[in-house]
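Listed here are the chains, written in short residue letters.
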Amino acid sequence: MAAYKRVSESVALITLQNPPVNALSAAVRQGIVDTVERALSDPNVTAVVICGQNGVFCGGADIKEFGSNMSGPPLIPMIHAIESANKPVVAAIEGSALGGGLELALGCHYRIAHSKARLGLPEVSLGLLPAAGGSQRLPRLIGVPAALNLITTGRHVTAAEALQLGIVDQVTDHNTVDAAVKFALSVAGRSLDPRRISTYPCPQQPDLDALFEEVMQKVRRSARGAIAPIACVQAVRAAATLPYTQGMAREQELMATLFTSGQARALQYCFFAQRAVGRWRMPSGARWDTSKPRPVHKAAVIGLGTMGRGITVALAQTGLSVIAVETQEKQLMEAKQAVSGMLERGAKRRGVAPALDRIIYSQNIQAVADVDLVIEAVFEDVALKTKVFKQLSAVCKPGTLLCTNTSALDVDQLASETPNPELVVGMHFFAPAHVMKLLEVVYGPRSSPEAVATAMQLGKKMGKASVAVGNCRGFVGNRMLKPYVEQAFFLLEEGATPELVDRALEEFGFPMGVFTMSDLSGLDVGWRVRKGDGLVEPGGASGRSARVRQGRRYSPLGDLLCEHGRFGQKTCRGWYQYDKPGSRVARSDPWLHSFLEAYRAEHGLVARRIDHQEVLERCLYALINEGFHILDDGIAAGPEDIDVIYVSGYGWPRHRGGPMFYANMVGLAKVLERLEHYHQAHPDVPHLQPCSLLRRLVASGSPPIHRWGEVIKKLHSQL
Ligand code: 3H9
């Protein structure tokens, strides 16, 4: 797990070998301990170089070991042994040096990095802190403000930035190991005392208290209940205020709390879930590893509204040639300007040239004749989309993949309008499409595995968390959102206020509550959908029927607000009031409270006290219950798919792992019991009726989330 070789006569080259990222498993740690000992005790060795196999230095501690009983030599003494060595140890960093990998490098006396390498301490994103001395060494090396930034955000830095910060001593464009060996020979024999970072005093920082106070406030605001970022600040504070040994003790103490926390489990689950969704499979048996994606060099976007513009930017930034089509001249000109602006701003941020010349704008759909893939992003209207699909089928070269960006329409119906339904998939982007991380790739019963593989690969290239899902109303994300929003409306009828509901959800960790969110996206969006579904009764019906539709409880509150012209932020009025259109500052609106009182009086509803617990249980368990239906229906292949969708696109707090993971943490029996309780109290709300899969899981002894698949499979094989 760590190879040992003598090179250039007197340099011991130690190579970490644990593909794919040379994580520091027990065997790797043992390998390092043994080889370092061997190098130090060999009188013919004057210097040591540590590198990683296959162009990757080290991806850090082996996260898979965290759930088990840890064995093998611990990291801290191993790194100390390297730092206190009497021969120079040089880290040759290629690929990644992350977490424990960077901590190992910080224990070395020198660090040489390849120009393409990335370095960082991303432990915070796994609910941890750099606890192999990273929180104590990095501030001593680069100063408190820069270390705080890196450790609390977990961001990766380029080799160039690492050099500027002083994390590495040299950057090379050539063979990193050769450069490190040469460097090691050049420093052999020099005193190593000035190279042992743990002996450095932390650089003096004026107004230390104010700095920590400011960072702590910032972290608390953005952490939304996550504990690791706070522990990271506390650990760096220890580095800045305590001698190294005491700082290390504090690092260990903080890590002990984090290591066994539910948040760390949730965040580590998210890490693996994000990778698991790439290994998609369809009910037909088609899978990621047996389906070959087609190459996509040239793509087209049809319709340059908000979504089409964002998709065009995302495609161009990925390096594709894009034909952007908009039939209305004025819209086309506006879109061109907006897309160029977005590309220029993005390029400036990333320090690259804007990809303006990758896009050709056209008013004519014939321009897409030779593209490999088209993403249709016209207005969400089935007749219009059908028309566009028919045109595309006639215009595009044979084999072109036709993708529809829809948030709810039936992908299979659209596919049936084309001569080659196997070439059709849905690509559900989230606004703004060049920023939001989530992409639902929607396959219909006739979509070919090749088409799904191509859309999934394109999503990955665009940097999206791409999740393959089956075709149903609302797909996964929006289908689960419906019962969540519905419960929020019912809670208002029963006595809650938008403020109370939103506060409960925001304290849970959502960036915004359901009503603030609804004001942001526009109340008219849902209104239009409900109208299309025949749920809206103009003028508001009266009597009992006002609150019943299609035999189930219905709240017309959202419709009534729209009838008052309250569409949310854009009209300055919605569930809250705003000073100007588009303002993000939601203020409580006395009109809304009087309106709710009048509404309750009109419908004979008596307001009761509703607490945060009920808000969370009603909204979240209804959403989770729909998630079980989705699993039961085979729309999502596994709970990880649902969780990645909710964490990446719906603001579900990552440190709670996603809705299905959360249900697992709360306990399936408890979720079932609360749903039964609420369904009994509200028998006219079908979404509160516990899903049979949930019952079956509880009956099977509530297996851990990674074993739910066995229960689902058993059920499907019995059908
Ligand atoms: C830590 O170090 C704690 C210490 O401070 C102190 C402890 C006392 N362990 O992402 P990819 C797997 S905490 C185990 O697709 P890429 C990954 O699951 C650690 N497995 O590749 C995947 O498996 P599969 C701090 C790991 O090229 C495969 O490797 N370190 C680990 O796109 C390929 O991964 C981090 O947080 C690991 N550490 O990206 C770094 N890392 O094929 C986490 C990866 O079965 N890692 N795997 O799905 C990364 O950010 C990326 O993997 C990396 C490569 C950038 C390295």
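Residue positions are given per chain, counted from 1 along the sequence in the order it is written. In keeping with the model being predicted, local features are shown solely for residues with a pLDDT of at least 70 and side-chain atom pairs are shown and tallied solely at 80 or more, while totals for entire chains, interfaces and linings include all residues. Hydrogens and water are ignored here; the side-chain numbers use all heavy atoms of the structure.

1. Section: the overall build of the chain
Here is the rule we go by: We count a stretch as a helix when DSSP gives it H or I for four or more residues in a row; a strand needs E for two or more, and each element gets its number in order from the N terminus. Note on exposure labels: buried denotes an accessible area under 20% of the residue type's maximum, exposed denotes more than 50%, and partly exposed covers the range between, all computed with a 1.4 Å probe on protein chains only. Residue contacts are defined here by distance: any two heavy atoms, one from each residue, within 4.5 Å place the two residues in contact. Accessibility throughout is a Shrake-Rupley quantity obtained with a 1.4 Å probe, and a residue counts as covered only by protein chains that appear here. Counted as positive: Lys and Arg. Counted as negative: Asp and Glu, with His and the chain ends omitted from the count. Note on charges: their place is set at NZ of Lys, CZ of Arg, CG of Asp or CD of Glu.
Helix and strand counts for the chain stand at 28 helices and 19 strands. Classification of the 719 residues of the chain by burial places 56% in the buried group. For the chain, restricting intrachain contacts to residue pairs at least 6 apart in sequence, the fraction spanning at least 24 positions comes to 72%. Of the roughly 30300 Å² of accessible surface on the chain, a fraction of 53% belongs to carbon and sulfur atoms. A distance of 2 Å separates the average location of the 78 positive side-chain charges in the chain from that of its 68 negative side-chain charges.

2. What to know about the packing of helix 5 (residues 144-153) against helix 8 (residues 208-223)
What describes two packed helices is the angle between their axes and the distance between those same axes. The following threshold applies: Orientation is described by lines fitted to C-alpha atoms, with helices fitted over the stretch in contact, and by angles between N-to-C directions that extend from 0 to 180 degrees. An angle below 35 degrees is treated as roughly parallel, one above 145 as roughly antiparallel, one from 65 to 115 as roughly perpendicular, and anything else as oblique. Crossing handedness is defined as follows: a turn of the near helix away from the far one that is anticlockwise and smaller than a right angle gives a left-handed crossing, while the clockwise case is right-handed.
Here helix 5 crosses helix 8 at 15°, and the two axes come no closer than 12 Å. On the basis of their axis angle, the class for helix 5 and helix 8 is roughly parallel. Along this stretch, helix 5 crosses helix 8, giving a crossing that reads as right-handed. Across from Val144, Pro145, Leu148 and Thr152 in helix 5, the residues of helix 8 making contact are Leu211, Phe212, Val215 and Val219.

3. Some thoughts on the site of the ligand
Note the cut-off: If even one non-hydrogen atom of a residue comes within 4 Å of a molecule or strand, that residue is called near it. For the purposes of these results, a polar contact is taken to be a pair of N or O atoms within 3.5 Å, where, inside protein, one atom must be able to donate a hydrogen and its partner to accept one; residues adjacent in sequence count only when each atom of the pair is a side-chain atom. Polarity classes work like this: nonpolar for Ala, Val, Leu, Ile, Met, Phe, Trp, Tyr, Cys and Pro, charged for Asp, Glu, Lys and Arg, and polar for all others, with Gly in that last group.
For the ligand, the set of nearby residues contains 25 residues, the closest of which are Ala61, Gly100, Glu103, Glu123 and Arg275. Between a nitrogen atom of the ligand and a main-chain N or O atom of glycine 59, the distance comes to 2.9 Å. Note that an oxygen atom of the ligand is positioned 3.4 Å from one of the backbone N or O atoms of alanine 131. When residues of the shell around the ligand are traced back to their parent elements, those giving at least two are strand 5 (96-98), helix 3 (100-107) and helix 11 (262-276). In terms of residue count, the dominant contributor to the shell around the ligand is helix 11 (three residues). In terms of residue class, the shell around the ligand is made up of 14 nonpolar, five polar and six charged.

4. A few points about the UniProt feature "domain: 3-hydroxyacyl-CoA dehydrogenase NAD binding" (unreviewed entry) in the chain
Note the following rule: UniProt positions are given in the numbering used here, feature names are shortened, and annotations may be inferred rather than shown by experiment.
Here, UniProt's "domain: 3-hydroxyacyl-CoA dehydrogenase NAD binding" (unreviewed entry) annotation points to residues 298-471. Structurally, residues 298-471 comprises 38% helix and 23% strand, and the distance from its first C-alpha atom to its last is 26 Å.

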